[in-house]
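Chain and residue survey
The chain contents come next:
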Amino acid sequence: MAAKPATVIAIYPGSFDPITNGHLDLIERGSKLFDRLVVAILCNDEKEPLFSVEERMDMLREVLSGYSNVEVDHFEGLLVDYAAARGATVLLRGIRAISDYEKELQMALMNRRLRPDIETLFLMSSEAHSFISSRLVKEIIGLGGNIAGLVPPSVEVRLRKRFNAAGASVRQAK
Ligand code: PNS
């Protein structure tokens, strides 16, 4: 059995398109559990993102600047390979509801099969955040709804700009 590393590094991977207050809550709690926490954006995602990787890196850096042991990065390819290359022994994921569990269990078991030395650790979302997702935030603001309190204020500003610009170009095209 491998000994506990002197410095425990955890990776919190995701799309973060954009970061929500649910992600932020998990990062805050994770930052207290590990020596270092790397928030890592997946680059080669099949989904069409609203924000580029650079924009998402900027947003994460803005929001996480106060956390001295939290770093922002991006990765391509297999998560476990990236984690191993970073010297991480933990993958951190959040579970909001039972509906998240099936996908997360499958990923955790597959990742363990690929690299048994890397553990997936789940934190339950706080009640206040268990209904928030990046997808719903984008849908709500796209339809003119109020997203205050769902994302950090700086992210809300960027979302408003993006959707106002999109609205303007659609209006121009008409
Ligand atoms: O925010 P998301 O979309 O739920 O994050 C999903 C993510 C990035 C954790 C997952 O898609 C992933 O790890 N992708 C990297 C490719 C990989 O390792 N695939 C095998 C997973 S078992």
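Residues numbered from 1 in each chain as written. Predicted model: local features only at pLDDT ≥ 70, side-chain atom pairs only at ≥ 80, totals over all residues. Heavy atoms only, no water.

1. Regarding the pattern of salt bridges
Put simply, the rule is: One speaks of a salt bridge when a side-chain nitrogen belonging to Lys or Arg is within 4 Å of a carboxyl oxygen belonging to Asp or Glu. By the criteria applied, helices consist of DSSP H or I runs no shorter than four residues and strands consist of E runs no shorter than two, each listed in order from the N terminus. Per-residue accessibility, obtained with a 1.4 Å probe over protein chains only, is compared with the maximum for each type, and a residue is labelled buried under 20%, exposed over 50%, and partly exposed between these values.
Within the structure shown, the criterion is met by 14 salt bridges. Between Glu 139 and Arg 135 there is a salt bridge; the shortest N-O distance is 3.6 Å. Here Glu 139 and its partner Arg 135 are both found in helix α5 (residues 134–142), four residues apart, which amounts to about one turn of the helix. The partly exposed category is assigned to Glu 139, whose relative accessible area is 41%.

2. Quick look at the pairing of strand β2 (residues 36–42)
The following threshold applies: One requirement defines pairing of two strands: DSSP has to find at least two bridges between them. Throughout, right-handed denotes a crossover for which the path from the first strand over the helix to the second runs clockwise when the strands point away from the viewer.
Of all seven residues in β2, five are buried; the element is thus mostly enclosed. Looking at chain direction, strand β1 (residues 9–14) and β2 are connected through six bridges and run parallel. By the bridge assignment for β2, Pro 13 is matched with Ala 40. Tracing the backbone out of β1, into helix α1 (residues 21–31) and back to the parallel element β2 gives a crossover that is right-handed. Pairing geometry for β2 and strand β3 (residues 70–75), over six bridges, is parallel. When the sheet's bridge partners are listed, Leu 42 is paired in β3 with Phe 75.

3. A short note on the site of the ligand
Put simply, the rule reads: Throughout, the term near means that a residue has one or more heavy atoms lying within 4 Å of the molecule or strand in question. Any pair of nitrogen or oxygen atoms within 3.5 Å is treated as a polar contact; in protein, a donor-acceptor pairing is required on top of that, and neighbouring residues in sequence qualify only through side-chain atoms on both sides. Only the protein chains shown count as cover for residues, and the accessible areas themselves come from Shrake-Rupley with a 1.4 Å probe. Charged residues are taken to be Asp, Glu, Lys and Arg, nonpolar residues to be Ala, Val, Leu, Ile, Met, Phe, Trp, Tyr, Cys and Pro, and polar residues to be all remaining types, Gly included.
Within the structure, the ligand sits among 14 residues, and Gly 14, Ser 15, Lys 47, Leu 79 and Arg 93 are positioned closest to it. Separating an oxygen atom of the ligand from a side-chain N or O atom of Arg 93 is a distance of 2.9 Å. Here the ligand has 550 Å² of accessible area as a free molecule, and 77% of this is covered by the chains. Breaking the shell around the ligand down by element, the ones donating at least two residues are β1 and α4 (98–114). The dominant element in the shell around the ligand, judged by the number of residues it contributes, is α4, at four residues. Among the residues forming the shell around the ligand, the class breakdown is seven nonpolar, four polar and three charged.

4. A look at the side chain of Glu 156
Quick note on the threshold: Two residues form a contact once any of their heavy atoms are found within 4.5 Å.
You can see Glu 156 is positioned in helix α6 (residues 153–173). Judged by relative accessible area, Glu 156 falls into the buried class, the value being 17%. Here the side chain of Glu 156 touches Arg 160 through a polar contact of 2.8 Å, side chain to side chain. Discounting residues that sit within four places of it in the chain, Glu 156 has contacts with Ile 147, Ala 148 and Val 151.

5. Focus on the packing of aromatic side chains
Rules: Two aromatic rings, drawn from Phe, Tyr or Trp (for Trp, its six-membered ring), form a pair once their centres lie within 6.5 Å of each other, and the interplanar angle then sorts them: stacked below 30 degrees, edge-to-face above 60, tilted otherwise.
Per the counting criterion, the structure on display carries two aromatic pairs. Taking 5.3 Å as the distance between ring centres and 75° as the angle between the ring planes, the aromatic pair formed by Tyr 12 and Phe 16 counts as edge-to-face. The exposure class of Phe 16 is buried, given its relative accessible area of 3%. Considering the side-chain rings of Phe 75 and Tyr 82, the 5.1 Å spacing of their centres and the 20° angle between planes classify their relative orientation as stacked. Taking relative accessible area as the criterion, Phe 75 reaches 6% and is therefore assigned buried.

6. Focus: a nonpolar patch on the surface
Just so we agree on the cut-off: Nonpolar side chains (Val, Leu, Ile, Met, Phe, Trp, Tyr) within 5 Å and like charges within 9 Å form the patches, drawn only from residues with over 30% relative accessible area and no salt bridge.
A cluster of nonpolar side chains, Leu 78, Met 110 and Leu 114, forms an exposed patch at the surface whose accessible area comes to about 280 Å². Within the fold, Met 110 resides in helix α4. Judged by relative accessible area, Met 110 falls into the partly exposed class, the value being 49%.

Fair warning: the whole summary comes from geometry, so function is off the table for now.
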